[in-house]
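Here is how the chains run, residue by residue.
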Amino acid sequence: MVKLRIAIQKSGRLSEKSLQLLSDCGINLSNGSRTLLAAGKNFPVEILFLRDDDIPGYIEDGVADVGILGENVVLEKSTELKILSRLNFARCRMSIAIPRSEEYTGPQYLKGKRIATSYPKILQNYLDQNNIKADIHEILGSVEIAPSIGLAGAIFDIVSTGSTLLSNGLKEVEIVLKSEAVLVGGNNMTEEKQQILDKMLFRMNAVMKARTNRYVLLNAPNENLDKIVSILPGMKSPTIVPLAEEGWSAVHSVIGEERFWDIIDQLKEAGAQGLLVIPIEKMVL
Ligand code: PRT
Ligand code: ZN
């Protein structure tokens, strides 16, 4: 039987969330992540556990069909892979940082400087775009200590909370790109594999929509219903059910997380009471 081979990170920041996403998509694995290869029990996939840096090469060589990895690694390692879905986890940015004591005067500050990074290709693109000639010094780990040991005048690295920069006496001066985990694929997929992939993408979309939305129930006096309905975005329009108590209704709707607290505040002001917020497990539109 044909199986879609999915490469995920063996151990690191992406591993757990990649496995969780598959599990939320109803894809259960027969053996744990300790082996190199695990089979889907109830879905035609095989999971290959690799170092994230190796995933692009495995897909380009056709050993894996798709993979989950940071967009930053995709941009650094490959030009051939297509982003099939953005996965909304492992968010970070790739930034240039310099010693805190230095005065930053804009990208031209970097001219002639030595910049340490594990991402020379992305950095070179950025420098070229800004017409800056600088000396890129590639190192594999602990990039953040390069300035303090006199190895470089600036660094280009992944930043999440910024606390690593802070504790190394550095400040972030340019955000070059924003990254998140993505599902990527190569260019030559058989029709059978494409069908499995489409089915999995459909499930992933349902899971991701559900993660970024909440189901909201509230009670409202009937005279305020028009106002409340106008505040709610909803999928189509909210469900309104009369309460046992005369003159009151229950309103059910779905709210996206990006405007969630705003909308809740507006609902309260419009007379909503007894608000309940419930996570959604899957959302198929
Ligand atoms: O062993 P393998 O090669 O598979 O893993 P890895 O060590 O190369 O990668 P890993 O597991 O550290 O990260 C995998 C992916 O997670 C990265 O490619 C990014 O896409 C994403 N990601 C998200 C991050 C971070 N956030 C992050 N904070 N990757 C690394 N960091 C580092 C950052 O470089 C900094 O040094 O974590 C440190 C802490 O960051 P602050 O700003 O929160 O202090
Ligand atoms: Zn890596």
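Criteria and cut-off values
Residues numbered from 1 in each chain as written. Chains lettered and ligands numbered in written order. Predicted model: local features only at pLDDT ≥ 70, side-chain atom pairs only at ≥ 80, totals over all residues. Heavy atoms only, no water. Helix = DSSP H or I, 4+ residues; strand = E, 2+ residues; numbered from the N terminus. Rg over C-alpha atoms; globule rule 2.2 N^0.38 Å. Buried < 20%, exposed > 50% of the residue type's maximum accessible area, 1.4 Å probe, protein only. Contact = heavy atoms within 4.5 Å. Lys, Arg positive; Asp, Glu negative; His and termini not counted. Charge placed at Lys NZ, Arg CZ, Asp CG, Glu CD. Phe/Tyr/Trp six-rings, centres within 6.5 Å; stacked < 30°, edge-to-face > 60°. Lys NZ or Arg CZ within 6 Å of the ring centre and 35° of its normal. Core = buried A, V, L, I, M, F, W, Y, C linked by side-chain atoms within 4.5 Å. Domains from an automatic or database assignment. Pairing = 2+ DSSP bridges. Axes fitted to C-alpha atoms, helices over the stretch in contact; angles between N-to-C directions.

### Quick notes on the overall build of the protein
Part 1 of the reasoning: Counting its secondary structure elements, the protein contains eight helices and 15 strands.
Part 2 of the reasoning: Taken against the 2.2 N^0.38 rule, which gives 19 Å for 285 residues, the C-alpha radius of gyration of the protein at 24 Å runs more than 25% over that of a compact globule.
Part 3 of the reasoning: For the protein, the residues scored as buried account for 45% of the 285 residues in total.
Part 4 of the reasoning: A separation of at least 24 residues holds for 68% of the contacts in the protein among residues at least 6 apart in sequence.
Part 5 of the reasoning: Computing the positive centroid from 32 side-chain charges and the negative centroid from 35, the protein places the two 3 Å apart.

### Structural notes on the packing of aromatic side chains
Part 1 of the reasoning: Overall, the coordinates contain two aromatic pairs when judged by the stated rule.
Part 2 of the reasoning: The aromatic ring of Tyr109 is capped on one face by Lys113, whose charged end is 4.2 Å from the ring centroid.

### Quick notes on the nonpolar core
Part 1 of the reasoning: Formed by 56 residues in total, the largest nonpolar core has its most connected members in Leu4, Ile6, Leu87, Leu110, Leu183, Met200 and Met204.
Part 2 of the reasoning: Looking at this core, the element that brings in the most residues is helix α6 (residues 191–211), giving seven residues.
Part 3 of the reasoning: Among the domains, domain 1 (4–90 + 180–210) and domain 2 (92–179) are the pair contributing at least three residues each to this core.
Part 4 of the reasoning: Sequence-distant contacts of Leu183, that is, excluding residues within four places in its chain, are made with Val66, Gly67, Ile68, Lys82, Ile83, Leu84, Ser85, Leu87, Leu197, Met200, Leu201 and Met204.
Part 5 of the reasoning: Residues Val216, Leu218, Ala220 and Ile263 belong to the second largest nonpolar core, which totals 15 residues.

### Topic: the sheet that holds strand β4 (residues 66–70)
Part 1 of the reasoning: The strand order β2-β3-β1-β4-β11-β5 describes an open sheet built from six strands, whose pairing is mixed. At either end of the open sheet lies a strand with only one pairing partner, and these are β2 (37–39) and β5 (82–86). Strand after strand, the sheet turns through a mean of 30 degrees between neighbouring axes, direction not considered.
Part 2 of the reasoning: Alignment of β4 against strand β11 (residues 181–185), held across five bridges, turns out to be antiparallel. Its bridge partner being in β11, Leu69 is matched across the sheet by Val182.
Part 3 of the reasoning: This element, helix α1 (residues 15–24), spans β1 (4–9), β3 (45–50) and β4 of the sheet and lies at about 145 degrees to β1.

### Side note on the pairing of β3
Part 1 of the reasoning: For β3, the tally of buried residues reaches six of six residues, placing the bulk of the element in the interior.
Part 2 of the reasoning: Side-chain alternation along β3 places Val45, Ile47 and Phe49 on one buried face and Glu46, Leu48 and Leu50 on a second face that is also buried.
Part 3 of the reasoning: Where β1 lies against β3, six bridges are found, and the strand directions are parallel. Residue pairing across strands places Leu4 opposite Val45, the latter belonging to β3.
Part 4 of the reasoning: Looking at chain direction, β2 and β3 are connected through three bridges and run antiparallel.

### Concerning unusual backbone geometry
Part 1 of the reasoning: Unusually for a residue other than glycine, Asn88 sits at a positive phi of about 65 degrees.
Part 2 of the reasoning: Considering the arrangement of structural elements, one finds Asn88 in the loop between β5 and β6 (92–99).

### Quick word on the environment of Gly40
Part 1 of the reasoning: For Gly40, the position within the fold is in the loop between β2 and β3.
Part 2 of the reasoning: Here Gly40 falls in the buried class, since its relative accessible area comes to 12%.
Part 3 of the reasoning: Those residues in contact with Gly40 that lie beyond four places of it in its chain are Asn28, Leu29 and Val45.

Read these as spatial facts, not as claims about activity.
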